[in-house]
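One letter stands for each residue in the lines below.
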Amino acid sequence: MAAVFPANQVIVVGGGLAGMSAANQVVELGGRTLLLDKSSFCGGNSTKATSGINGAGTKTQKSKSIPDTADIFVADTLKGGAKKPELAKVLCVNSAADVDWLVDKFDLDLSLVARLGGHSQPRTHRGKERFPGMTITYALIQMLEKVAEKTHRARIVTKAEVFKLLQNGRNVVGCEYRKAGKVVKEFGPMVLASGGFGADFGSDSLLATYRPDLLHLPTTNGEHCTGDAIKMGEAIGAATIDLEWVQVHPTGLVKPDDPDAKVKFLAAEALRGVGGIVLDAMGNRFCNELGRRDYVTGEMWKNKPPFRLCLNRAAADEIIWHAKHYTGRGVMKFYPTGEDLAKDMGVPLQTLIDAHQKHFEAAKKQEKDPDGGPFPAYPSGKTWDEPSGKTGSGKKFFHNIIDGSKVATEPFYVAIITPVIHYCMGGLECTVDAECIDKSGKVIPGLYVAGEAAGGIHGNNRLGGNSLLDCVVFGRVAGKAACKYTFGTNEKFKPCPTPGELKELTK
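Computed from a predicted structure; not experimentally measured. (Residues numbered from 1 in each chain as written. Predicted model: local features only at pLDDT ≥ 70, side-chain atom pairs only at ≥ 80, totals over all residues. Heavy atoms only, no water.)

Enquirer: Teacher, can you tell me more about the pattern of salt bridges here?
Expert: Note that side chains of opposite charge can pair when their charged atoms are close. Counted under the stated rule, the structure contains 25 salt bridges. We note a salt bridge from Lys395 to Glu289, for which the minimum N-O separation is 2.9 Å. Of this pair, Lys395 sits in the loop between helix 15 (386–389) and strand 18 (412–424) while Glu289 sits in the loop between strand 13 (277–279) and helix 10 (293–302), and the two are 106 residues apart along the sequence. Residues Glu491 and Lys494 are paired through a salt bridge, measuring 3.3 Å at the closest nitrogen-oxygen approach. (Salt bridge = Lys/Arg side-chain N within 4 Å of Asp/Glu carboxyl O. Helix = DSSP H or I, 4+ residues; strand = E, 2+ residues; numbered from the N terminus.)

This is the structure in structure tokens:
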């Protein structure tokens, strides 16, 4: 390959977590990388991820005696919506090593673990402060920036809009991009990691083509998410998969003074993981807060808005940085007492007392007799919780519950929530080595994909915490595969010595 053209670099398109994972991996293996991002700064949607990154069998889990394994995680991911076991296996089997890679190589704090919807074990890792997507992605950006500053192993170019893939026969050998009114060509195998199409709202957009029914909804995606990688791949015959599967997240945050804003901030799924409950306009629970995202959204559409996500004192204390951050942004409100909350909602205090009391009693019965409940539970078994049980996807995990007698004087953090376009499960179809394929199933040499630009990994519904993991796992897989491709037999064409540690290159 390297004898065919001077492939002394791997080109990565997109500066979010998938792109940064690929680029750092290339450098770690002794390769050179060029990272291109069309925005004025790197980070993408990855920096907005609020709940954490999944890992099964991590050092953090072991320190907390959480009995999780890759096999349990694979089963949860397939039950959650994934349709390709071979890709789900790559995601889950690599999860522990890749979460530990973040902690060990980038000095990240991922010491807290929560159980999100659809997971049978607590496995979603985050740190004690700030949003995990932000801290993880910025750590990798800073590492690559320092490597670029101190060595010739990495370059980062922002405001660079890649618009065309270059080929030699079937092989992808580089790209063209626009910057400051000029067109620039670069050569090397390509890793496409420029995200999904959750903000592609034009009349000929991917959303209009595959999900016109969602065009009216707000989105959590930045305006850069217009499906560029998918469109460039399609232009050279790359296969796509699952483009119709667009995830609508149940907890977009409504700002009371700007309720119709098209771009909305996302409420972390961990807010429900720590015990937040969802109430309808009348103050009643109506779903399993820890169900799949598509399920919770579906139940919201059957009930009366506005919907509120309510955290009692213990729940809020467990995730207090988030709660205070959202309150500061005006998308969450602190109520000194449940009585104040009931007054603001315009419902009788007794309604909130009853909702919490029934939830409390169901949790206690579940603890005492986990298999004796009258309703089906998700992902399996039985539940005593009637509001969720009646939906066929009952709640069986309860956390930070309070009995009804405490509601009147209990402080609450509360947000008004609404369904939002959040994540595109579909994208460019790939192999277990992140290689793009054509419509006949043949690998397109020199073209790789990672992150939300890739399709087929999550099926028709992605579990919370799997997007950051997908970025790191398949970003690293793509980086390794691109290096193997360019280095040649016995690494004959490897451009740089392999560093002992990435950190060594930044000194």
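Enquirer: Even after reading the chapter, I still don't get empty space enclosed by the protein, so can you show me in this structure?
Expert: A water-sized probe, rolled over the atoms, reveals where empty space remains. Evaluated as defined, the whole model comprises 3 cavities of 30 Å³ or more. Estimated volume of the largest cavity: approximately 70 Å³. Across the lining of the largest cavity, the residue classes tally to 6 nonpolar, 6 polar and no charged. In this structure, the second largest cavity spans a volume of roughly 50 Å³. As for the second largest cavity, its lining consists of Arg115, Leu116, Gly117, Gly118, His119, Asn288, Leu290, Tyr378, Pro379 and Phe397. Grouping the constituent residues of the lining of the second largest cavity by class yields 5 nonpolar, 4 polar and 1 charged. (1 Å grid on protein atoms, 1.4 Å probe; cavity = no way out; pocket = protein on both sides within 12 Å on 5 of 7 lines; lining within 4 Å. Points joined across faces, edges and corners; volume = space filled by probe spheres on them. Nonpolar A, V, L, I, M, F, W, Y, C, P; charged D, E, K, R; others polar.)

Enquirer: Sorry, what's going on with unusual backbone geometry here?
Expert: Residues apart from glycine generally show negative phi values, whereas peptide bonds are mostly found in trans. Of note, the bond from Pro305 into Pro306 is cis; its omega dihedral lies within 30 degrees of zero at 0°. Of note in this structure, Asn400 is not a glycine but carries a positive phi near 55°. Tracing the backbone shows Asn400 in the loop between helix 15 and strand 18. Even without being glycine, Asn490 reaches a positive phi, approximately 55°. Its place among the elements puts Asn490 in the segment after helix 16 (466–487). Classification of Asn490 by relative accessible area gives exposed; the value is 76%. (Buried < 20%, exposed > 50% of the residue type's maximum accessible area, 1.4 Å probe, protein only.)

Remember that the coordinates give geometry; whether it matters functionally is a separate question.
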